[in-house]
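# Results of the structural survey
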Amino acid sequence: IFLREILSNASDAIDKLCYRSLTDEQVGMKREDFAITIRPDQEARTLTVSDNGIGMNDTDLEQNLGVIASSGTFQFRQELDKDAESDVIGQFGVGFYSAFMVADKVTVISKAYGADTAYKWESEGVDGYTIEPCEKDTVGTDVIMSIKPDSEEEKYDEYLEAYKLSSLIKKYSDYIRYPIRMEMEHSK
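The sections below set out a description of the structure shown in this document.

Calculation rules
- Residues numbered from 1 in each chain as written.
- Predicted model: local features only at pLDDT ≥ 70, side-chain atom pairs only at ≥ 80, totals over all residues.
- Heavy atoms only, no water.
- Helix = DSSP H or I, 4+ residues; strand = E, 2+ residues; numbered from the N terminus.
- Buried < 20%, exposed > 50% of the residue type's maximum accessible area, 1.4 Å probe, protein only.
- Areas by Shrake-Rupley, 256 points an atom, 1.4 Å probe, with all protein chains shown as cover.
- Pairing = 2+ DSSP bridges.
- Contact = heavy atoms within 4.5 Å.
- Axes fitted to C-alpha atoms, helices over the stretch in contact; angles between N-to-C directions.
- Phe/Tyr/Trp six-rings, centres within 6.5 Å; stacked < 30°, edge-to-face > 60°.
- Parallel < 35°, antiparallel > 145°, perpendicular 65-115°, else oblique.
- Left-handed = near helix turned anticlockwise from the far one by under 90°.
- Polar contact = N/O pair within 3.5 Å; in protein donor to acceptor, adjacent residues only side chain to side chain.

## Brief notes about the overall build of the protein
Looking only at helices and strands, the protein has four helices and seven strands in total. Shown N-terminal to C-terminal, the secondary structure of the protein runs as helices and strands in the order α-β-β-α-α-β-β-β-β-α-β. Sorting the 188 residues of the protein into buried and exposed places 46% on the buried side. With an accessible surface of roughly 11,100 Å², the protein has 46% of that area assigned to carbon and sulfur atoms.

## Brief notes about the sheet that holds strand β4 (residues 118-123)
The strand order β5-β4-β3-β6-β2-β1-β7 describes an open sheet built from seven strands, whose pairing is mixed. Edge strands, defined here as strands with exactly one partner in the open sheet, are β5 (130-134) and β7 (180-181). Relative to strand β2 (residues 46-51), helix α1 (residues 2-21) is tilted by about 25 degrees, and along the sheet it contacts β1 (36-41), β2, β6 (140-147) and β7.

## Brief notes about the packing of aromatic side chains
By convention here, two paired aromatic rings are described through the distance between centres and the angle between planes. Across all of its chains, the model carries seven aromatic pairs by this definition. One aromatic cluster is present, formed by F96, Y97, F100, W121 and Y129 through successive ring pairs.

## What about the packing of α1 against helix α4 (residues 162-172)?
Where α1 contacts α4, the axes come no closer than 10 Å and their chain directions differ by 70 degrees. Classified by the angle their axes make, α1 and α4 are roughly perpendicular. Viewed along their axes, α1 and α4 form a crossing whose handedness is right-handed. Where α1 approaches α4, its residues L3, R4 and L7 are matched on the opposing element by L165, L168, I169 and Y172.

## Some remarks on the side chain of K136
Its place among the elements puts K136 in the loop between β5 and β6. Polar side-chain contacts of K136 include one of 3.3 Å to the side chain of T138. What K136 contacts, discounting residues up to four positions off in sequence, is I109, S110, K111, A118, T141 and D142.

## Re the pairing of β1
In this sheet, β2 lies alongside β1 in antiparallel orientation, the contact comprising six bridges. Within β2, the position partnered with R39 by the bridge is T48. Between β1 and β2, which pair antiparallel in sequence order, lie four residues; one of them, R45, sits at a positive phi of approximately 60 degrees. With two bridges connecting them, β1 and β7 associate as parallel partners. In the sheet register, T37 faces β7, and the bridge partner there is R181.

## Focus: the pairing of β4
Relative to β4, strand β3 (residues 103-111) runs antiparallel, the two being bridged by five bridges. Residue V108 lies in a different strand from β4, and its bridge partner there is W121. Counting the residues in the hairpin turn of β3 and β4 gives six residues, including G114, whose phi is positive at 85 degrees. In terms of strand pairing, β4 meets β5 through five bridges, oriented antiparallel. Residue pairing across strands places E122 opposite T130, the latter belonging to β5. The loop that links β4 with its antiparallel partner β5 comprises six residues; one of these, G125, has a positive phi angle of about 75 degrees.

Written out as structure tokens, the structure is:
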């Protein structure tokens, strides 16, 4: 569930910038330039999902991640013409918090389109969150999940294995229209 939700959010962020690129020549990206990247790091026990979508500033982070039931996608859809054909995915706002099912800490580093400053949102899912300025060269969002250690009941290590992630993505996120990239090791 968590991976599908995080990928859907990334897809929606790309939809927003792609939509904006239709009327704003400053975006400087074509549809084929957009992508989602997944980087599992077994040593650091992190799973990072990155997109080159619209990004978020500190206010967006507060509004979209500071309240469990908030949905920036739902608001974006409301702003579109009521008769327009829109099929944005993540409209409920609770999906992001599913990351805490497998992570004991989530860090979001985001730089909004047109902004000079990036921001880092961080939470352990218990006692609130922090937002502070940080460095990020490109527009978009990185969701960095610190994966929990394995327990007797749950095997969280599988969310750091490329083949398991690939299988989950093919099964639950095949509908996403942007490329989802992840380095894979192949043995002969």
